[in-house]
Amino acid sequence: MANNKDDLAKKLGNNIKIFRKKLKLTQLELSIQADIAEDYLQSIEVGRRKPSLDVLEKIAKALKIELYELFK
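Throughout what follows, the structure given in this document is the object of discussion.

Procedures and definitions
- Residues numbered from 1 in each chain as written.
- Predicted model: local features only at pLDDT ≥ 70, side-chain atom pairs only at ≥ 80, totals over all residues.
- Heavy atoms only, no water.
- Helix = DSSP H or I, 4+ residues; strand = E, 2+ residues; numbered from the N terminus.
- Buried < 20%, exposed > 50% of the residue type's maximum accessible area, 1.4 Å probe, protein only.
- Contact = heavy atoms within 4.5 Å.

Considering the environment of L70
With respect to the helices, strands and loops of the structure, L70 is situated in the segment after α4 (53-63). By relative accessible area, which is 0% here, L70 ends up buried. Separated by 24 residues in sequence, L70 and V46 place their C-alpha atoms 14 Å apart. Excluding residues within four positions of it along the chain, L70 makes contact with L12, N15, I16, F19, L56, A60, L63 and I65.

What follows is the structure, encoded as structure tokens:
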């Protein structure tokens, strides 16, 4: 079961990275726009951290997408 959660965290992080790169943003730029720490964003993108819904909403807003798009 933990493996499924880890896979979901990696997929979510990869999706954030893809959207970030489409906007040509660095991790630092996105972290500033989302009001989160750069190292926290980096940990999310590689699947080491599982962000709260509030953090995901901040990231989605900074990426100019709907929250559900992070889970496609």
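Details of unusual backbone geometry
Of note, K24 is a non-glycine position whose phi angle comes to about 55°, a positive value. Relative to the helices and strands, K24 is located in the loop between α1 (2-22) and α2 (27-34). Among the residues examined, K24 registers a relative accessible area of 73% and is labelled exposed. Of note, K64 is a non-glycine position whose phi angle comes to about 60°, a positive value.

None of the figures reported here should be taken as evidence of function without further support.
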